[in-house]
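Okay, here's what each chain looks like letter by letter:
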Amino acid sequence: MWLLVGLALLWSLMPVRAWGISTSAAAAVLMDADTGQVLYDHNGSRRMLIASTTKILTLMVALESGGLEDIVTIPQEAADVPADSSLVPVTPGEQMRKLDLLYGLMIRSGNDAANAVAVLEAGSVEAFVERMNEKAAQIGMGDSHFANPHGYHDEEHYTTAYDLALLARAGMSDPDFCRIVTCLSYTLPPTSKRDALTLRNEYEIFDPASELYLPYAAGIKSGYTSRAGFCYVGAAQQDGRSLIAVVLGAPSRNRAWKDLQKLFEYGFSQP
């Protein structure tokens, strides 16, 4: 009898392949955010490049130290990013609230902000990356290794769709994390280096006028490089149920949005 009970419990936690669903992404996972059960898994344990979805972990580590209202001074290392990086921009010597820097990190996906966060939190990019890997291990991200805080290509920088779902699930339990990653528009106050700057998330899944609009979608983070393809980690809430979906290596942004729609619709249809 106990054997049967144990097998039933094990079966309830196993990934379920959803018949009739196909995704364009190289890897995809759908997770119930409340229980952690995997509802759909396509190459979920394959180690992948993840581009700027990396910044989910960067944000989580930065939030651990609190001090969101603290005034920080942007370090010189903020300028030490690849030439084709996405930028907020922030400028070495510029002063702003830590909270404003984190909005720039996530909405504008600034690599300059990622480096600034790393140095401000840990004293150096390298020390911060150590913290990132420690945090990933604590969450249970057993197939992940991070080499930088922004996600620019590095052979030693990878994770899996399943690990990213674990990361997002952990993040969404933090109100400050939720507030930042679900924000669609935020105005950075002026500094001595620039005027006020309005940041907007204009992805089609958040646009009611778009055929790709997902009314139940809530964040979290996109990423793209030519090697990683289009990546997205998203959350959705409907009728008291919360889901996490991850798509990695999609051939285009619109194909990723369609994958998300399929995954969320499947998840919300389950009892």
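Residue numbers restart at each chain and count upward from 1, following the sequence in its written direction. Residues qualify for local features only when their pLDDT is at least 70, as the model is predicted, and side-chain atom pairs are given and counted only at 80 or more; totals for whole chains, interfaces and linings, by contrast, use all residues. Values shown for side chains rest on all heavy atoms present in the structure; no hydrogens or waters enter the calculation.

The helix and strand labels rest on DSSP assignments: H or I over at least four residues marks a helix, E over at least two residues marks a strand, and numbering proceeds from the N terminus. A count of helical and extended segments in the protein chain gives 8 helices and 9 strands. The buried label goes to any residue with under 20% of its type's maximum accessible area, the exposed label to any with over 50%, and the partly exposed label to all in between, with areas taken from a 1.4 Å probe on protein chains only. Counting all 271 residues of the protein chain, 54% fall into the buried class. We call two residues contacting when some pair of their heavy atoms lies within 4.5 Å. Put simply, 62% of the contacts in the protein chain that link residues at least 6 apart link residues at least 24 apart. Neither His nor the chain ends is counted toward charge; the positive residues are Lys and Arg and the negative residues Asp and Glu. Just so you know, the charge point we use is NZ for Lys, CZ for Arg, CG for Asp and CD for Glu. Averaging the locations of the 21 positively and 31 negatively charged side chains of the protein chain gives two centres separated by 4 Å.

Here we take up the nonpolar core. Within the largest apolar cluster, 65 residues are counted, with the highest numbers of intra-cluster contacts made by Leu59, Leu101, Leu102, Ile220, Ile244 and Leu248. Sequence-distant contacts of Leu102, defined by excluding residues within four places in its chain, comprise Leu59, Ala62, Leu63, Leu68, Val117 and Ile180. What we call a nonpolar core is a set of buried Ala, Val, Leu, Ile, Met, Phe, Trp, Tyr and Cys residues that are connected through their side-chain atoms within 4.5 Å. With 27 residues, the next largest nonpolar core counts Ile21, Ala28, Leu212 and Phe230 among its residues.

Time to look at helix 5 (residues 125-139). For helix 5, with 15 residues, the first-to-last C-alpha span of 21 Å sits near the 21 Å given by 1.5 Å per residue. Residues Val125, Phe128, Val129, Met132, Asn133, Lys135, Ala136 and Ile139 constitute the buried set of helix 5. End-on, the buried residues of helix 5 take up no more than an arc of 160 degrees, which puts them together on one face. Among the exposed residues of helix 5, those oriented more than 90 degrees off its buried face are Glu126, Glu130, Ala137 and Gln138. On its buried face, helix 5 is in contact with helix 2 (55-63), helix 4 (111-122) and helix 6 (161-171). Gly140 sits one or two residues past helix 5 and shows a positive phi near 100 degrees. Given a helix with a known number of residues, its expected span is that number minus one, times 1.5 Å. By construction, the arc corresponds to the directions joining the helix axis to the C-beta atoms.

Here the focus is the layout of surface pockets. Cavity: a set of points on a 1 Å grid over the protein atoms alone where a 1.4 Å probe fits but cannot get out. Pocket: an open set with protein on both sides within 12 Å along at least five of seven lines, its lining residues, like those of a cavity, having an atom within 4 Å of a point. Grid points are joined across faces, edges and corners, and a volume is the space filled by probe spheres set on the points. Approximately 370 Å³ is the volume found for the largest pocket. In terms of lining residues, the largest pocket is bounded by 22 residues, among which Ser52, Asp84, Tyr152, Tyr224 and Thr225 are the most central. The element that contributes the greatest number of residues to the lining of the largest pocket is strand 7 (residues 217-225), accounting for 5 residues. Only Asp, Glu, Lys and Arg are considered charged, only Ala, Val, Leu, Ile, Met, Phe, Trp, Tyr, Cys and Pro nonpolar, and every remaining residue, Gly among them, polar. Among the residues forming the lining of the largest pocket, the class breakdown is 5 nonpolar, 12 polar and 5 charged. Quantified by volume, the second largest pocket comes out at close to 260 Å³. Along its surface, the second largest pocket is lined by 16 residues, and Met106, Ile107, Asn201, Tyr203 and Ser222 are the ones closest to its centre. Broken down by element, the residue count for the lining of the second largest pocket peaks at 3 residues, all from strand 7. A breakdown of the residues in the lining of the second largest pocket according to their chemical character gives 8 nonpolar, 3 polar and 5 charged.

This part takes up the side chain of Asp163. Considering the arrangement of structural elements, one finds Asp163 in helix 6. We count a salt bridge whenever a side-chain nitrogen from Lys or Arg sits within 4 Å of a carboxyl oxygen from Asp or Glu. Buried Asp163, no salt bridge; nearest opposite-charge side chain is Arg47, N-O distance 7.3 Å. When residues no more than four places from it in sequence are discounted, the contact partners of Asp163 are Gly140, Met141, Gly142, Asp143 and Ser144.

This brings us to a negative patch on the surface. Each patch is assembled from residues with relative accessible area greater than 30% and no salt bridge, linking like charges that lie within 9 Å and nonpolar side chains (Val, Leu, Ile, Met, Phe, Trp, Tyr) that lie within 5 Å. In this description, accessible areas are obtained by the Shrake-Rupley approach with a 1.4 Å probe, and a residue is regarded as covered only by the protein chains that are shown. Together, Glu77, Asp80, Glu126, Glu130 and Glu134 line one region of the surface with negative charge. Along the chain, Glu134 falls in helix 5. The partly exposed category is assigned to Glu134, whose relative accessible area is 48%.

Glancing now at the pairing of strand 2 (residues 38-42). Among the 5 residues that make up strand 2, 4 are buried, leaving the element largely enclosed by the rest of the structure. Pairing of strand 1 (residues 27-32) with strand 2, which is carried by 4 bridges, proceeds in the antiparallel orientation. What sits directly across from Leu30, in strand 2, is Tyr40. At least two DSSP bridges between two strands are required for those strands to pair. Where strand 1 folds back onto strand 2 in an antiparallel hairpin, the turn is made up of 5 residues, including Gly36, whose phi is positive at roughly 85 degrees.

Of note, Gly219 is situated in strand 7. A relative accessible area of 5% means that Gly219 is categorised as buried. Taking the C-alpha atoms as reference points, Gly219 and Ala236, separated by 17 residues in sequence, lie 7.9 Å from one another. In this structure Gly219 touches Val181, Thr182, Phe206, Tyr232, Val233, Gly234 and Ala235, once residues within four positions along its chain are discounted.

To continue, consider empty space enclosed by the protein. Going through the model one piece at a time under the given rule, you end up with 2 cavities of 30 Å³ or more. Computed from the structure, the largest cavity encloses a volume of approximately 40 Å³. Every residue along the wall of the largest cavity is listed here: Leu49, Ile50, Ala51, Gly151, Tyr152, His153, Asp154, His157, Thr225 and Ala228. Taken together, the residues of the lining of the largest cavity break down into 5 nonpolar, 4 polar and 1 charged. Counted as a void, the second largest cavity has a volume near 30 Å³. In terms of lining, the second largest cavity is formed by Ala62, Val72, Lys98, Leu101, Leu102, Val117, Leu120 and Glu121. Looking at the lining of the second largest cavity, the elements that each hand over two or more residues are helix 3 (98-107) and helix 4. Here the lining of the second largest cavity is built from residues that sort into 6 nonpolar, no polar and 2 charged.

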